[in-house]
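Structural overview
For reference, the chains in residue letters:
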Amino acid sequence: MSEAGAQRVGVLDVVAFACEIAMLVLLAVAGWSLANSTVVQVVLAALLPVAAAVIWGVAMAPKSSRRLPNPARLVAQTALFAVTGALVAFAGHPWWGLVFAVVATATFAARSRTPD
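Below, the structure is looked at part by part. (Residues numbered from 1 in each chain as written. Predicted model: local features only at pLDDT ≥ 70, side-chain atom pairs only at ≥ 80, totals over all residues. Heavy atoms only, no water.)

Examining the overall build of the chain
Looking only at helices and strands, the chain has four helices and zero strands in total. When its C-alpha atoms are laid out on the principal axes, the chain stretches across 55 × 30 × 25 Å. Relative to its 116 residues, the chain shows a buried fraction of 28%. A separation threshold of at least 6 residues defines the contact pool for the chain, and within that pool the share at least 24 residues apart is 57%. Split by element, the accessible area of the chain, about 7,600 Å² in all, is 71% carbon and sulfur. Here the chain holds 7 positive side-chain charges and 4 negative ones, and the gap between their average locations is 6 Å. (Helix = DSSP H or I, 4+ residues; strand = E, 2+ residues; numbered from the N terminus. Buried < 20%, exposed > 50% of the residue type's maximum accessible area, 1.4 Å probe, protein only. Contact = heavy atoms within 4.5 Å. Areas by Shrake-Rupley, 256 points an atom, 1.4 Å probe, with all protein chains shown as cover. Lys, Arg positive; Asp, Glu negative; His and termini not counted. Charge placed at Lys NZ, Arg CZ, Asp CG, Glu CD.)

Now the structure itself:
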C-alpha cells in the first residue's frame, strides 16, 4: 500500500543519504586524527560533524526554510564534500578522502538533475 503523498525513494537517494552519513563519520575520524591531545581529539571529533550538520540543515536540507536553490546548493554541497575530503586526506587517509569527495559530488550532481 502506498500513501497518496508519499515520495518514491530511488537508488540515488539512498546513495546520497549514505554520502551524508559518511561525511559525518569521516569528519569525526579526521577530527580525531588531526590532534595529539585526547581533549582536542574529542573536541574536533565532535565539533567537525556538528558544524557540517548545522550547515547542511540550514542550507541544504529539503525542509529548511533557507534551503539554497540549485545550482548554488550543488556548489555548497561540493565545497563541503571537498573540505571533508581534504581534511580526511590531511589526517592521513588520502584515498578515503579522494574517493569520498568524488563519489559524493558525482551523486549529488546526478541528483541535482532530477526534480525535487
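Still more ground to cover, so stick around.
Side note on the side chain of Thr84
Tracing the backbone through its elements, the reader meets Thr84 in helix 3 (residues 72–90). Taking the relative accessible area as the measure of exposure, Thr84 reaches 1% and is therefore buried. At a separation of 2.9 Å, a polar atom in the side chain of Thr84 contacts the main-chain carbonyl oxygen of Leu80. If we skip the residues at most four places from it in the chain, Thr84 touches Met23, Leu26, Leu27 and Phe100. (Polar contact = N/O pair within 3.5 Å; in protein donor to acceptor, adjacent residues only side chain to side chain.)

Examining the layout of surface pockets
Gaps between atoms show up when a probe of the same size as a water molecule is rolled over them. By volume, the largest pocket amounts to about 670 Å³. Taken together, 23 residues make up the lining of the largest pocket; nearest its centre are Gln7, Asp13, Pro62, Arg67 and Arg111. Those elements giving two or more residues to the lining of the largest pocket turn out to be helix 1 (11–33), helix 3 and helix 4 (94–112). Considering every element that reaches the lining of the largest pocket, the biggest residue donor is helix 1, with five residues. The residue inventory of the lining of the largest pocket, partitioned by class, reads ten nonpolar, six polar and seven charged. (1 Å grid on protein atoms, 1.4 Å probe; cavity = no way out; pocket = protein on both sides within 12 Å on 5 of 7 lines; lining within 4 Å. Points joined across faces, edges and corners; volume = space filled by probe spheres on them. Nonpolar A, V, L, I, M, F, W, Y, C, P; charged D, E, K, R; others polar.)

A word on the nonpolar core
Ranked by internal contacts, the top residues of the largest apolar core, which has 18 residues, are Met23, Trp56, Leu80, Phe81, Phe100 and Phe108. Only helix 1, helix 2 (38–59), helix 3 and helix 4 provide two or more residues apiece to this core. Per element, the largest residue contribution to this core is six residues, and it comes from helix 1. (Core = buried A, V, L, I, M, F, W, Y, C linked by side-chain atoms within 4.5 Å.)

Quick notes on the environment of Arg113
Along the polypeptide, Arg113 turns up in the segment after helix 4. Expressed as a C-alpha distance, the spacing of Arg113 and Pro71, which sit 42 residues apart in the sequence, is 9.9 Å.

Focus on the packing of helix 3 against helix 4
Running from N to C, helix 3 and helix 4 cross one another at 170 degrees; their axes reach a closest spacing of 7 Å. Judged by the angle between their axes, helix 3 and helix 4 are roughly antiparallel. Residues Leu74, Gln77, Thr78, Phe81, Thr84, Gly85, Val88 and Ala89 of helix 3 touch helix 4, and the partners they reach there are Pro94, Trp96, Gly97, Phe100, Ala101, Ala104, Thr105, Phe108, Ala109 and Ser112. The residue inventory of the contact of helix 3 with helix 4, partitioned by class, reads eleven nonpolar, seven polar and no charged. (Axes fitted to C-alpha atoms, helices over the stretch in contact; angles between N-to-C directions. Parallel < 35°, antiparallel > 145°, perpendicular 65-115°, else oblique.)

Describing helix 2
Between its first and last C-alpha, helix 2 extends 32 Å over 22 residues, near the 32 Å set by a 1.5 Å rise per residue. Turning to helix 2, its buried residues number three or more, namely Gln41, Ala45, Pro49, Ala52, Trp56 and Ala59. Summarising the axial view, the buried residues of helix 2 lie within an arc of 125 degrees, below the 170-degree limit, and thus occupy one face. Away from its buried face by more than 90 degrees, helix 2 exposes Val39, Leu47 and Val54. Packing partners of the buried residues in helix 2 comprise helix 1, helix 3 and helix 4. (Expected span 1.5 Å × (residues − 1). Arc of directions from axis to C-beta.)

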